[in-house]
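Now for the letters of each chain:
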Amino acid sequence: MARARNEERRAEIVRAALEVIAERGYRGASLSAVAERVGLTQQGLLHYFPTKETLLVAVLEERDRWDTGGGPGREQWRLDLLESLVEYNAMRPGIVQTFSALLGESVTEDHPARAFFTERYAHARATMAAVLRAEFGDELPGGLTPERAAPLLTAVMDGLQYQWLLDPESVDMPTAFRDFVALLREREGRVGARPAGGGRGVS
């Protein structure tokens, strides 16, 4: 019973942190602001999440579950669903800012978010390879295999987020990502057919 209550309380804190980040952005998401929202002191909050970084990692994990929960799992993503995800991210700058800020910090040794991002990127590359294989088969129109192109697709998604956060007036993130997807398909459009074994989407 105590463990269940503890997990329920942690989930409540993560939801509150999501709300605070959405309202105030990454810098405004202080532990005290989150604690106040759930009726705890900051010291009480530290019992569940000992640092701001551990809480923010839990928020990002919850974001990933929301992005895939109740719908297709990561292995069932398609390029058009990735386009929709980029559009959705453009409507929640606070969460994207949190992701990007923690990602930048996580490259330092012993950072609490390093393991999260290392594992996340390994999974993301595998997911993108599956997306590309479902779309193009074993070879993309430009000749790359899905595995070789997967890090590039992942880099475009996250790199666009940094550019958009820095200059949202100049960088239309959803449109830029759709342009990149069009580039992936460009040679395919010229020849007019997908490689054998390709097929759009996953049923």
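Since this is a predicted model, take the numbers as computed values, not measurements. Residue indices begin from 1 for each chain and proceed along its sequence in written order. Totals for whole chains, interfaces and linings use all residues, but because this is a predicted model, local features are given only for residues with pLDDT of at least 70 and pairs of side-chain atoms are given and counted only at 80 or more. Excluding hydrogens and water, the side-chain values take into account all heavy atoms of the structure.

Compared with an ideal rise of 1.5 Å per residue, which puts 13 residues at 18 Å, helix α6 (residues 93-105) spans 18 Å between its outermost C-alpha atoms and is within 8% of the ideal. Within the sequence span of α6, burial applies to G94, I95, V96, T98, F99, S100, L102 and L103. Counting from the N terminus, the helices are the DSSP runs of H or I reaching at least four residues and the strands are the DSSP runs of E reaching at least two. The span you would expect from a helix comes to 1.5 Å times its residue count less one. Per-residue accessibility, obtained with a 1.4 Å probe over protein chains only, is compared with the maximum for each type, and a residue is labelled buried under 20%, exposed over 50%, and partly exposed between these values.

Working note: non-glycine residues mostly have negative phi, and peptide bonds are mostly trans. Of note, D110 is a non-glycine position whose phi angle comes to about 65 degrees, a positive value. Residue class for D110 comes out exposed when judged on its relative accessible area of 73%.

With that out of the way, let us pick up the confidence of the model for the chain. pLDDT expresses how confident the predictor is about each individual residue, on a scale running from 0 to 100. Confidence in the prediction for the chain averages 86 pLDDT; 88% of positions are at 70 or higher. Looking at the elements of the chain, mean pLDDT is at its lowest for helix α9 (residues 173-191), recorded as 83, and at its highest for helix α8 (residues 146-166), recorded as 97. Any two residues having at least one pair of non-hydrogen atoms within 4.5 Å are treated as being in contact. The low-confidence segment residues 70-74 (pLDDT under 50) makes six contacts with residues lying over four places distant or belonging to another chain.

Our next topic: the environment of R37. On the secondary structure map, R37 appears in helix α2 (residues 31-37). Along the sequence, R37 and R15 sit 22 residues apart, while their C-alpha atoms lie 10.0 Å from each other. Contacts of R37, omitting those with residues within four sequence positions, involve A16, E19, V20, E23 and R24. Pairs of N or O atoms within 3.5 Å make up the polar contacts considered here, provided that, within protein, one atom can donate a hydrogen while the other can accept it, and that residues adjacent in sequence are counted only when both atoms are side-chain atoms. For R37, the side chain forms a polar contact with the side chain of E19, separated by 3.4 Å. There is a polar contact of 2.9 Å between the side chain of R37 and the side chain of E23.

Angle between the axes and distance between the axes: these two values describe a pair of packed helices. Lines fitted to C-alpha atoms define the axes here, with helix axes fitted over just the stretch in contact, and angles between the N-to-C directions of these axes take values from 0 to 180 degrees. Direction vectors running N to C along α6 and helix α7 (residues 114-136) enclose 105 degrees, while the axes themselves pass 9 Å from each other. On the basis of their axis angle, the class for α6 and α7 is roughly perpendicular. Facing F99, L102 and L103 of α6, the residues of α7 in contact are F117, R120 and Y121. Considered class by class, the residues forming the contact of α6 with α7 number five nonpolar, no polar and one charged. With respect to orientation, any angle under 35 degrees is reported as roughly parallel, any angle over 145 as roughly antiparallel, any angle of 65 to 115 as roughly perpendicular, and every other angle as oblique. Classes in brief: Ala, Val, Leu, Ile, Met, Phe, Trp, Tyr, Cys and Pro nonpolar; Asp, Glu, Lys and Arg charged; the others, Gly included, polar.

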